[in-house]
Structures are given as C-alpha cells and as structure tokens.
Amino acid sequence: MNKVGSKAIGVLVMSYGTPDSLDGIEAYYTHIRRGHPPTAEQLKDLTDRYNTIVGGVFPLRENTNGQVEALQHTLDQLAGKGAYVCYQGLKHAAPFIEDGVAAMASDGITEAIGIVLTPQYSAMSVGGYMKRAQEEADKQGIVFKGVQEYHLHPELIDALSKRVTEALDRFGEQRADTLVLFSAHSLPAKILEMNDPYADQLLATSAAIAKAAGVDKWQFTWQSAGQTGQPWLGPDILETLGNLKAEGVNSVLVTPVGFVSDHLEVLYDIDIEAKKFADERGIHLARIRMLNDDPQYMAALADSVMGVRNGRTNV
Ligand code: FEC
C-alpha cells in the first residue's frame, strides 16, 4: 500500500554508520572489514577510542538522524511538502543502504535519488554507496539516480569558509601566523592508479574555502589511515604537524573537508590524538566546528538532489 503520495521522489540519504552500543562495536568493525572479525587487540583499541570520546555514546548516529530530518525540512520548504521523502541508508550499520531502499519500495516509491553525507567522490567511498543503492533499487524496481559529488557547491563553500573565519578570529594575536590545515580521510594509495578524482576534489574544496575566507597560508593533509598492510595516501596529519613545527609554524587550524559531522574520526583522531601531538610540540591546534545540520549545508544537499531530479548532473 502506498504510504506516500504517488508522485513523491524518495531521497536516500547515505552515511557511514556507527555502532548502536558498545556491544555492537564488534559486528560493526566486522562489517567494515568485509566479514573478517577484528582481533581482540584491534577490538579493544577501537572500543577504547569510542570510550575516550564520549563514553559509550555514538554521536554520529544522532548527527545523521538530525541531518536527515533537517534535509527533509529543507526539501519541504523548497519543493513543497510531500514532493521528496527522505530515507536513511547506512554503509556499515542498520538501517543499511539496502534497508533504506526496501523501505522506499514498501512505501510505494518508484523513483529515487541518492546522496552521500560526504562531498567528494571516490570510487572507494561514494562509488561504493551508490553501487549498493543501485543494486537494491534494481531489485525493488525503483528508478535510481545519484548525486556523485557536491564538493564545490557555493553553499557548502560559504558555510565552511565562515567556520574558518570564525575559528581564526578566536586565535587573537596568533591569527596572522596561523596555518589552515585542511584534512580528509586517507584511502589506500592504489586509488591513484585508478585515476580517482578524490584527491583533486579535496584540494579543490580546500582551495575554494581558502579563497572565500581570504586565507593565504594553508596546506592539505590526510588523516585516519587504516592499518591494512598496504600503503595509504600521505602525509598523515601527525607527520604534517611535525614538518610544520620544523618550518616554524606554531599555530594551526584543522579544517576537515571530507567529514560533515562530529564523530570518531574528528573527536578522537583530531581532537585527542593530533591535539596531544601538537601540544607536546608547543603547537596551538584548534579545529573548525563541524557542519552537522547547518542550514547552508542542508541547502547544498537539497539543491544537489533537486538538481539531479531536474536533469543537472552536478553543481
Ligand atoms: O563515528 C563513528 O562511529 C564512525 C566514524 C567513521 C567515519 C568514517 C569515514 C570514512 N571512512 C573511510 C574509509 C575507510 C577505509 C577503512 C576504514 C576503516 C574504519 C574503521 C573505523 C572507521 N573507519 Fe572509515 N570512518 C569511520 C570509522 N574507513 C572505526 C575501522 C578501524 C580503523 O581503521 O580505525 C579501512 C577498511 C578496511 O579495513 O579495509 C578504507 C572514508 C570515509 C569518509 C567518507 C564517508 O564518510 O564515507 C573514505 C565517519
């Protein structure tokens, strides 16, 4: 039975996913490792990191819920209530991407658009989400299209540049000497052989934010590389901080450009690990506020979804 209007377009909002409890970490980690359970040591290490950031709460879940709700609200305002109906689909936790598509089908949706809560495209990130969504949509008889990237959307760039300016203002006298260090999740270096646009799009986002915020002193670095025994894109943020110190930089504003929420890779990898490394070397390190359900970010998502609906491939 149709639960939504017969002309409603389904919007599959896809995000990484996070465990639902401390007991759920093993299943989550096993899913990330494509069915291979982590060793006891790896499991302890990850559990310790979650415990360190928030002691058993998983902020990404609430933040993703908030983003889906806020995007629905924005689409209702822009296109009228009932024109677009948002569903959530997570990569590594329930509701999985396939669950979101199945929920659309059971509501009578026949046409859907997918968007991922990360702005830059890589075959290993967004490409993976889209492939799973497309396969399930084919099974369910839903016509599916995806937003590939929105890394230069003017609303996104403006929202991030405002956050950079606001954070730089808090540096006071150190402002002029502060380097803006853009960062994003590393990926296995083999993506370079695949002609993948990920690295170029991250640099393009960073350059656009720097230009909009009037920042001359900036660099890009990778973070959060996995321990898979194969090379990952570098340099890592800790190596970069070490190099910056050697060059005489004592003040850094970390600006994540591939993440849009407060979650483990920001709250632990930057706020705890990188901050401690910087403190030990006498570097003042701060970070911009994450976007979460920022209205301009929601406007960028809504416009990208509506653009695909209207036949525009990208921003
Ligand atoms: O707060 C949370 O609970 C989840 C935070 C989280 C986000 C995230 C985003 C990205 N990842 C990307 C790629 C990889 C690749 C591997 C990998 C592994 C992990 C592990 C955890 C984890 N990731 Fe993640 N990622 C988050 C969390 N990620 C935990 C496993 C332990 C560890 O390495 O720390 C390696 C998989 C393998 O073993 O083969 C590759 C990319 C993003 C950003 C785009 C997106 O959001 O999808 C790329 C958030």
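Here, every reference points to the structure presented above.
Being a predicted model, the structure only gives us computed values, none of them experimental.

Q: How would you sum up the overall build of the protein chain? Please name residues and give values.
A: Looking only at helices and strands, one finds eleven helices and eight strands in the protein chain. If one aligns the C-alpha atoms of the protein chain with their principal axes, the spans along those axes are about 65 × 45 × 40 Å. Counting only residues that meet the buried cut, the protein chain has 52% of its 315 residues in that class. Accessible surface, the protein chain as shown: approximately 14,200 Å² in total, 52% of it carbon and sulfur. Taken together, the 28 basic and 40 acidic charged side chains of the protein chain have centroids lying 2 Å from each other.

Q: Could you give me a rundown of the site of the ligand, with the residues and numbers involved?
A: If you check the shell around the ligand, you find 22 residues, and the closest are Y16, T18, R34, Y50 and Y129. Taking Y129, its side chain carries an N or O atom lying 2.5 Å from an oxygen atom of the ligand. A distance of 3.0 Å separates an oxygen atom of the ligand from a polar backbone atom of L264. If you list the elements that add at least two residues to the shell around the ligand, you get α1 (25–32), α2 (40–54) and α9 (264–267). Each of domain 1 (9–150 + 294–309) and domain 2 (154–287) gives at least three residues to the shell around the ligand.

Q: Explain the coordination of the iron atom of the ligand residue by residue, including any values.
A: Only one protein atom coordinates the iron atom of the ligand: Y16 (OH), located 2.3 Å from the metal. With respect to the helices, strands and loops of the structure, Y16 is situated in the loop between β1 (9–15) and α1.

Q: Which residues make up the environment of T221, and what values go with them?
A: Mapped onto the elements of the fold, T221 is located in strand β6 (residues 218–223). Of the residues examined, T221 reaches a relative accessible area of 0% and is grouped as buried. Between the alpha carbons of T221 and A70 there is a distance of 30 Å; along the sequence they are 151 residues apart. Ignoring anything within four residues of it in the chain, the contact list for T221 reads L181, F182, S183, A184, P235, D236, I237 and T240. A distance of 2.6 Å separates the side chain of T221 from the side chain of T240, its partner in a polar contact.

Each value, and the rule that gives it
The residue count restarts for each chain, going from 1 along the sequence in the order it is written. Since the coordinates come from a predicted model, pLDDT governs what is reported: local features require at least 70, and pairs of side-chain atoms require 80 or more to be given and counted, while whole-chain, interface and lining totals use all residues. Processing note: side-chain calculations cover all non-hydrogen atoms of the structure and skip hydrogens and water entirely. Note on conventions: DSSP H or I runs of at least 4 residues are helices, E runs of at least 2 residues are strands, and numbering of each starts at the N terminus. Three labels apply to residues, based on accessible area from a 1.4 Å probe with only protein chains included: buried if under 20% of the type maximum, exposed if over 50%, partly exposed otherwise in between. Surface exposure here means Shrake-Rupley accessible area, sampled with a 1.4 Å probe, where a residue is shielded only by the protein chains that are shown. Charge counting follows a simple rule: Lys and Arg are positive, Asp and Glu are negative, and His as well as the terminal groups are ignored. Each charge is placed at NZ for Lys, CZ for Arg, CG for Asp and CD for Glu. The near set for a molecule or strand comprises every residue that places at least one heavy atom within 4 Å of it. Here a polar contact is recorded for every N or O atom pair within 3.5 Å, except that within protein the pair must consist of a potential hydrogen donor and a potential acceptor, and residues adjacent in sequence are included only if both atoms are side-chain atoms. These domain boundaries are the output of an automatic or database domain assignment. Coordinating donors are taken as N, O and S atoms within 2.8 Å of the metal, stretched to 3.2 Å for Na, K and Ca; because water is absent from the atoms, sites can appear incomplete. Contact criterion: two residues are considered in contact whenever any of their non-hydrogen atoms come within 4.5 Å of each other.

Taken by themselves, the reported measurements are silent on function.
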